[in-house]
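Descriptive analysis of the structure
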Amino acid sequence: MSLLNSLFNRGILGAKCKTCLNLAISRIKHLRNKRELQLRNMRKEVAQFLLTGQEAIARIRVEHIIREMNILAAYEILELFCELIYARVPILETQRECPPELQEAIASIIFAAPRCLDLPELMQIRNLFGTKYGKEFVLAASELRPDSCVNRGIIEKLSVKAPPVDVKLNLLKDIAQEFDLEWDSSSTESEFNKKHEDLLDGSNQICGPAAELQAPVSQSFFDLSLAKEEHSSKPESQNQGIQRVEVSSTVERTSFGPTTSVGMGHHAANPDAVAQSDRPPNDGNTEKSSQPCDVMERARTAIAAAEKASAAARAAAELVKRTRNHAENRKTSDAQKGENGQISNDGRVI
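Residues numbered from 1 in each chain as written. Predicted model: local features only at pLDDT ≥ 70, side-chain atom pairs only at ≥ 80, totals over all residues. Heavy atoms only, no water.

**A word on the overall build of the protein chain**
Looking only at helices and strands, the protein chain features 14 helices and zero strands. Here the protein chain holds 350 residues, and 30% of them are scored as buried. Within the protein chain, contacts between residues separated by at least 24 positions form 71% of all contacts whose residues are at least 6 apart in sequence. Only carbon and sulfur atoms are counted for the fraction: they give 53% of the accessible area of the protein chain, which is about 23,600 Å². (Helix = DSSP H or I, 4+ residues; strand = E, 2+ residues; numbered from the N terminus. Buried < 20%, exposed > 50% of the residue type's maximum accessible area, 1.4 Å probe, protein only. Contact = heavy atoms within 4.5 Å. Areas by Shrake-Rupley, 256 points an atom, 1.4 Å probe, with all protein chains shown as cover.)

**Quick word on the pattern of salt bridges**
Enumeration over the complete set of coordinates arrives at 14 salt bridges. Two residues, Arg61 and Glu45, come together in a salt bridge whose shortest N-O distance is 2.9 Å. In this pair, Arg61 is assigned in helix H2 (residues 55-87) and Glu45 in helix H1 (residues 2-51), connecting sequence segments 16 residues apart. With a closest N to O distance of 2.6 Å, Arg300 and Glu297 form a salt bridge. In this pair, Arg300 and Glu297 both sit in helix H14 (residues 290-340), three residues apart, roughly one turn of the helix. Residue Arg300 is classed as buried on the basis of its relative accessible area of 18%. You can call Glu297 partly exposed: its relative accessible area is 43%. Overlapping salt bridges, with partners in common, bring together Arg32, Glu76 and Glu79 in one network. (Salt bridge = Lys/Arg side-chain N within 4 Å of Asp/Glu carboxyl O.)

**Remarks on the packing of helix H5 (residues 120-133) against helix H6 (residues 135-142)**
At a minimum axis distance of 6 Å, the contact between H5 and H6 shows a crossing angle of 130 degrees. The pairing of H5 with H6 is recorded here as oblique in orientation. Contacts between H5 and H6 pair Arg126, Gly130 and Tyr133 from the former with Lys135, Phe137, Val138 and Ser142 from the latter. Class assignment of the residues belonging to the contact of H5 with H6 gives a composition of three nonpolar, two polar and two charged. (Axes fitted to C-alpha atoms, helices over the stretch in contact; angles between N-to-C directions. Parallel < 35°, antiparallel > 145°, perpendicular 65-115°, else oblique. Nonpolar A, V, L, I, M, F, W, Y, C, P; charged D, E, K, R; others polar.)

**Quick word on the nonpolar core**
Among the nonpolar cores identified, the biggest contains 40 residues, and Leu78, Ile106, Leu122 and Phe129 are the most heavily contacted of them. If you list the elements that add at least two residues to this core, you get H1, H2, helix H3 (89-94), helix H4 (100-112), H5, H6 and helix H7 (152-157). Per-element tally for this core: the top contributor is H4, with eight residues. Those residues in contact with Phe129, other than ones at most four positions away along the chain, are Cys17, Ile85, Leu92, Ile106, Ile110 and Gly134. (Core = buried A, V, L, I, M, F, W, Y, C linked by side-chain atoms within 4.5 Å.)

So, in structure tokens, the structure goes:
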């Protein structure tokens, strides 16, 4: 019974395959005639663009022409393969494995089926061969494995890669010669041979005002890095002095601005302290270039200002403290005198 079912199924598979192949051959012939007419119109349009000097548009349209020519060539090969398989369907029904002489034709149709959407019959033929020979046979042809035996012409014609430059240039020359156009191809050749810059990686050169700004910006970053290194190499006492600058400047802004002269007098009374603060640190590794010297001079100036501001703040705080103590002592003495007797208007005790 199983043998009868297999024979019956073979007949059905062969009939379906013949029907699909016959429909595919008819559709390929119809599409070839349609595309040939479309291709002639496209060549006329490109010739018109060359005649009017619109070479940029002609260079784009010529790629569409090459694509149509490749599809027409692929249709011719597929039509021959479909006719070959149609004539060998009885052999396919009698053999379980794919015959070696038909392996290239069947594999090429399986590979071209999803890439030729204008031919839906090829997908049906692909499914029939997948049912007969298994999924591995179909995957080998679809993925172009070494043992797939797909026709090289089908692979090249159905490729999505851009056509080479020489092919486009030769086609433009053929179109100009076909329509008797006096076209100078020098500008097109220079455009095709031009190496376009990759904008994703950025420009390799800086031109114009950007080049003028590059040197000062890099120099400022260099000075900033040197200042950071000098600042990190200073002793901890100098860093504390710089911190005291910020604290003292806040105090001077609030209420102790007029008392700065007191701090200056304090430093005037202690010239040794000023000389000690202005004395450069004994660092043997200091560089002798001009830029590090400027950084050291600015650091010493900041430290001296910090010491002066700190002394002014301390003097102002001492003055406020003495004023408060004097006021409190006066209130206390007045209170004691009031307890012992009355005080006249001129301040005498009655």
